[in-house]
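Residues per chain are reported as follows:
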Amino acid sequence: MKILIVVDMQEDFVNGVFGSDAAKAIVPYVAEQARSDEYDWVIFTRDWHDTFDERYFMETRMLPSHCVANTKGAEFVEGVVPDNYPIIIVDKDTFGAIGLEDIIIDKTLWNYNPNHEEHEIHMVGLCTDICVISNALALRMWFPGFRIIVHEKGCAGTSPSKHAAALSVMESNLIEVEYDV
């Protein structure tokens, strides 16, 4: 079973308050992966903040306002979500997607085949040094027997050095980083 997780490919992270040229540059690759028929399931995480989040979450107290529910900034970037392909969306109000593990367990058990090759979770998205790494490390904890592969070409960090550092930390935690060579 191969699952693709697309992390937070939203307007505020590509064109908005946290947008960058590096984030814009990965959009075509992420869109291509999301439409690829090599994955059994495609799961999108969506950063989603209600106005009350500011009182309760460190993220919304310390970072600029972003991905506020039902605003343009919270929308997925145009062209990334496949039009005619079934996807799963997991809303999250902090860096890690709580509940993501339940969806993966459900999909892998529902489709369990003892003769199937190993399970793989592939990851692309934003930001490498915040939400991608948070979710990758949580997945490593939840699924110690799964291959977890982060596509370097499909991720961008808040800076080039933080992007590289996050990839290094993930490799130290037995998360494979697929570099475009």
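Residues numbered from 1 in each chain as written. Predicted model: local features only at pLDDT ≥ 70, side-chain atom pairs only at ≥ 80, totals over all residues. Heavy atoms only, no water.

Topic: the state of the cysteines
Working step 1: Within the structure shown, the criterion is met by 0 disulfides.
Working step 2: Residue C127 stays outside any disulfide, its sulfur separated by 6.8 Å from that of C131, the closest cysteine. (Disulfide = S-S within 2.5 Å.)

Looking at the side chain of T45
Working step 1: Its location among the elements puts T45 in strand β2 (residues 41-47).
Working step 2: Classification of T45 by relative accessible area gives buried; the value is 0%.
Working step 3: Looking at T45, its side chain comes within polar contact range of the side chain of D8, at 2.8 Å. (Helix = DSSP H or I, 4+ residues; strand = E, 2+ residues; numbered from the N terminus. Buried < 20%, exposed > 50% of the residue type's maximum accessible area, 1.4 Å probe, protein only. Polar contact = N/O pair within 3.5 Å; in protein donor to acceptor, adjacent residues only side chain to side chain.)

Structural notes on the environment of N173
Working step 1: Locating N173 in the fold gives a position in the loop between α7 (160-172) and β6 (176-178).
Working step 2: On the basis of relative accessibility, which here comes to 32%, the residue N173 falls in the partly exposed class.
Working step 3: On a C-alpha basis, the gap between N173 and R140 in space is 7.6 Å, while along the polypeptide they are 33 residues apart.
Working step 4: Sequence-distant contacts of N173, that is, excluding residues within four places in its chain, are made with L137 and R140. (Contact = heavy atoms within 4.5 Å.)

Some remarks on the nonpolar core
Working step 1: Core analysis: the biggest nonpolar cluster contains 27 residues, and I5, I104, I121, M123, L139 and M170 have the highest contact counts within it.
Working step 2: Among the secondary structure elements, those contributing two or more residues to this core are β1 (2-7), β3 (88-92), α5 (100-110), β4 (120-126), α6 (128-142), β5 (147-156) and α7.
Working step 3: Among the elements that line this core, the one with the most residues is α6, at 5 residues.
Working step 4: Leaving out residues up to four positions away in the same chain, I104 has contacts with I3, I5, I43, I121, L139, F143 and F146.
Working step 5: Counting 23 residues, the second largest nonpolar core, distinct from the first, contains V27, V42, A74 and F76. (Core = buried A, V, L, I, M, F, W, Y, C linked by side-chain atoms within 4.5 Å.)

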